[in-house]
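Summary of the model geometry
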Amino acid sequence: MTEIKGLYRLSPEQRRAVLKGNFPDVFIESDTQLTETTADAMIENYFQNYSLPMGIAPNFQINGQLYHIPMVIEEPSVVAAASNGAKRVGNIITTSQPRELIGQIILKEVIDPEQATAVIEKKEHYLLDLAKSFSINMVKRGGGPTRIWTKTFESYFTVYLGFNPCDAMGANAINHVLEALSEEIEQLVNGVALMRILSNYQPESLVTAKVKIPILSLANNQADSQLLAQNIVAASEYAHLDVYRATTHNKGIMNGIDAVLMATGNDWRAVSAGVHAYASHTGDYQSLTDWKIEEDYLVGKIKLPLAVATVGGTLSVHPQAKQSLALLGNPDAQQLSEIIAAVGLAQNFAALRALVSEGIQKGHMSLHARQLAIQAGANEAEAPRLIELLKRQEKTISISVATELLAKMRQNR
Ligand code: MEV
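Keep in mind that what you see is a predicted model, and the values were worked out from it rather than measured.

1. Observations concerning the overall build of the protein chain
Looking only at helices and strands, one finds 16 helices and 10 strands in the protein chain. If you line up the protein chain on its principal axes, its C-alpha atoms span 85 × 55 × 40 Å. The 413 residues of the protein chain split such that 46% are buried. Taking all contacts inside the protein chain whose residues are at least 6 apart in sequence as the whole, residues at least 24 apart take part in 71%. Of the roughly 21600 Å² of accessible surface on the protein chain, 51% is carried by carbon and sulfur atoms. With 36 positive and 42 negative side-chain charges, the protein chain shows a spacing of 9 Å between the two charge centroids.

2. Considering the sheet that holds strand 6 (residues 156–164)
Hydrogen bonding along the main chain pairs the strands of a sheet, whether they run parallel or antiparallel. Spatial ordering of the open sheet is given by 5-6-4-7, a layout of four strands whose pairing is antiparallel. Sheet topology places strand 5 (144–153) and strand 7 (192–199) at the edges, where each strand pairs with a single neighbour. Strand after strand, the sheet turns through a mean of 20° between neighbouring axes, direction not considered. The sheet contact formed by strand 4 (residues 101–108) and strand 6 spans seven bridges and is antiparallel. In the sheet register, Ile106 faces strand 6, and the bridge partner there is Thr158. Helix 7 (residues 171–189) contacts strand 4, strand 5, strand 6 and strand 7 of the sheet and is inclined by roughly 35° relative to strand 4.

3. A few points about the packing of aromatic side chains
Taken as a whole, this structure holds two aromatic pairs when the rule is applied. On the basis of an interplanar angle of 45° and a centroid distance of 5.5 Å, the ring pair of Trp291 and Phe349 is categorised as tilted. Here Trp291, found in strand 9 (residues 289–294), pairs with Phe349, found in helix 13 (residues 333–355); they are 58 residues apart in sequence, far enough to count as distant. Each of the two residues, Trp291 as well as Phe349, counts as buried. Taking NZ or CZ as reference, Arg147 lies 4.0 Å from the ring centre of Trp149, over its face.

4. Concerning helix 3 (residues 78–89)
Across its 12 residues, helix 3 extends 16 Å between first and last C-alpha, which sits within 8% of the 16 Å expected from 1.5 Å per residue. Every buried residue of helix 3 is listed here: Val78, Val79, Ala82, Gly85, Ala86 and Val89. An end-on view of helix 3 places all buried positions within 125° of arc, on one side of the element. Along its buried surface, helix 3 packs onto strand 1 (54–62), strand 2 (65–72), strand 8 (206–214), helix 9 (243–263) and helix 13. Looking one or two residues beyond helix 3, the residue adopting positive phi is Gly90, at roughly 75°.

5. So, a positive patch on the surface
Together, Lys210, Lys212, Lys301 and Lys303 make up a positively charged patch on the protein surface. Tracing the sequence through the fold places Lys301 in strand 10 (residues 297–305).

6. Some points on unusual backbone geometry
Even without being a glycine, Asn59 presents a positive backbone phi close to 65°. Note on placement: Asn59 falls in strand 1. If you check the backbone angles, Asn190 has positive phi at about 60° while not being a glycine.

7. Quick word on the site of the ligand
Neighbouring the ligand are Glu75, Arg245, Thr248, His249, Lys251, Gly252, Asn255, Ala351, Leu355 and Ile360. With respect to the ligand, the side chain of Arg245 contributes an N or O atom lying 2.8 Å from an oxygen atom. Within the complex, the protein chains bury 86% of what would otherwise be the 300 Å² of accessible surface of the ligand. When contributions to the shell around the ligand are tallied by element, the ones reaching two or more residues are helix 9 and helix 13. No other element matches the six residues that helix 9 contributes to the shell around the ligand. Among the residues forming the shell around the ligand, the class breakdown is three nonpolar, four polar and three charged.

8. Quick look at the pairing of strand 10
Pairing analysis gives nine bridges linking strand 8 to strand 10, with the strands arranged antiparallel. Across the sheet, the residue bridging to Val211 is Gly300, located in strand 10. In the sheet, strand 9 pairs with strand 10 via six bridges, with the strands oriented antiparallel. Opposite Ile293, over in strand 10, you have Leu298 as the bridge partner.

9. Topic: the domain arrangement of the protein chain
For the protein chain, the assigned domains read domain 1 (51–94 + 204–356), domain 2 (101–198) and domain 3 (362–412). Computed from C-alpha atoms alone, the centre-to-centre distance between domain 1 and domain 2 is 34 Å. With 10 residues of domain 1 at the interface, the matching set in domain 2 holds six residues. Roughly 550 Å² is buried in total at the junction of domain 1 and domain 2, and carbon and sulfur atoms are behind 59% of that figure. Where domain 1 packs against domain 2, one counts one salt bridge. For Arg147, the salt bridge identified is with Glu204, shortest N-O distance 3.5 Å. Where domain 1 meets domain 2, there are three residue pairs in polar contact (both at pLDDT 80 or more).

Conventions used here
- Residues numbered from 1 in each chain as written.
- Predicted model: local features only at pLDDT ≥ 70, side-chain atom pairs only at ≥ 80, totals over all residues.
- Heavy atoms only, no water.
- Helix = DSSP H or I, 4+ residues; strand = E, 2+ residues; numbered from the N terminus.
- Buried < 20%, exposed > 50% of the residue type's maximum accessible area, 1.4 Å probe, protein only.
- Contact = heavy atoms within 4.5 Å.
- Areas by Shrake-Rupley, 256 points an atom, 1.4 Å probe, with all protein chains shown as cover.
- Lys, Arg positive; Asp, Glu negative; His and termini not counted.
- Charge placed at Lys NZ, Arg CZ, Asp CG, Glu CD.
- Pairing = 2+ DSSP bridges.
- Axes fitted to C-alpha atoms, helices over the stretch in contact; angles between N-to-C directions.
- Phe/Tyr/Trp six-rings, centres within 6.5 Å; stacked < 30°, edge-to-face > 60°.
- Lys NZ or Arg CZ within 6 Å of the ring centre and 35° of its normal.
- Expected span 1.5 Å × (residues − 1).
- Arc of directions from axis to C-beta.
- Patch = residues over 30% accessible without salt bridge, like charges linked within 9 Å, V, L, I, M, F, W, Y side chains within 5 Å.
- Salt bridge = Lys/Arg side-chain N within 4 Å of Asp/Glu carboxyl O.
- Near = heavy atom within 4 Å.
- Polar contact = N/O pair within 3.5 Å; in protein donor to acceptor, adjacent residues only side chain to side chain.
- Nonpolar A, V, L, I, M, F, W, Y, C, P; charged D, E, K, R; others polar.
- Domains from an automatic or database assignment.
- Buried area = accessible area lost by both parts, 1.4 Å probe.

Below you can see the structure in the form of structure tokens.
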């Protein structure tokens, strides 16, 4: 695999050719549809597929290794911003903790919570062995139930189960154990189970990504570079102070994260719920990233929980999810979580850089012009000139402006 340059100038067919050259073992076609049989087995009342564009953000350096990252997204500027961010941030260093799912058996009518706590503590080993017996396959793979603890909330008593899902999402596996275990728990604590379900809050399974960007590389001269670095730091500080900004700041991060989650067939709702809950772990909803100046460097860091999977569920049946994982070198779940954190950080850098300098509209307008040119019916030879003309317009550009300009271009030929 090598660095890929100038992808944006190529046609989709030429891009596929470049990717095939880089990934000779990966099956890359123009339209790898879900088959009717597969899709029908995935959800209830299936009647047709819904398509979204899939793009590639090339040339991420993560822990010294090169990645071309598949992204599925409808928002025009996201892949461009990720690619731009990757180019500017340089090598991204990541770390992660092994993933732990947490499940809950929530009980009501527990008359003596103190006594219930003592019983569960005393029976912990027995209960863990019982839980493992309901999860034989996961235990064989080196995972399964890991620990049990309790907490009382007003009149509710909750038993928590830690669970190692290996590289799977693990939702069905842990929910099965919780349901199987709950009768025994009800008897031990003398209560009635209200529900048994995994939690999407995983504040201990954190992933981090860090970059160290030479300040001088940020702009064309020292003064502009320094100002840009200071403004990125201020933007980061502000996103810790004001929930209105923090939400948008984190939405920008999730632009990149969700796009890779979609491309790799992961449950983006689960990850989003966990990430946004973690953004409030201090009590206030805050930014997931931090930017600081350290000597001659702008240093950025992201820290967040990313419960992702690389085997099982959708991943084993969805052709493009498999293709995406292959493009990423078939990472395990922990490695994938680190790649995704790196994308979130680069995405955030690109957004902040644009926001505190030229604003984001300029970049958005170029992409908008490209979309309008295609919608207006410009062919490959006409599109570059029409895009240029659209970008030069002083009035707001629309499909009718694009159609009019294209007609004039054709008349003058
Ligand atoms: C737009 O989808 C994302 C941004 O609003 C993110 C941000 O404001 O940081 C540009």
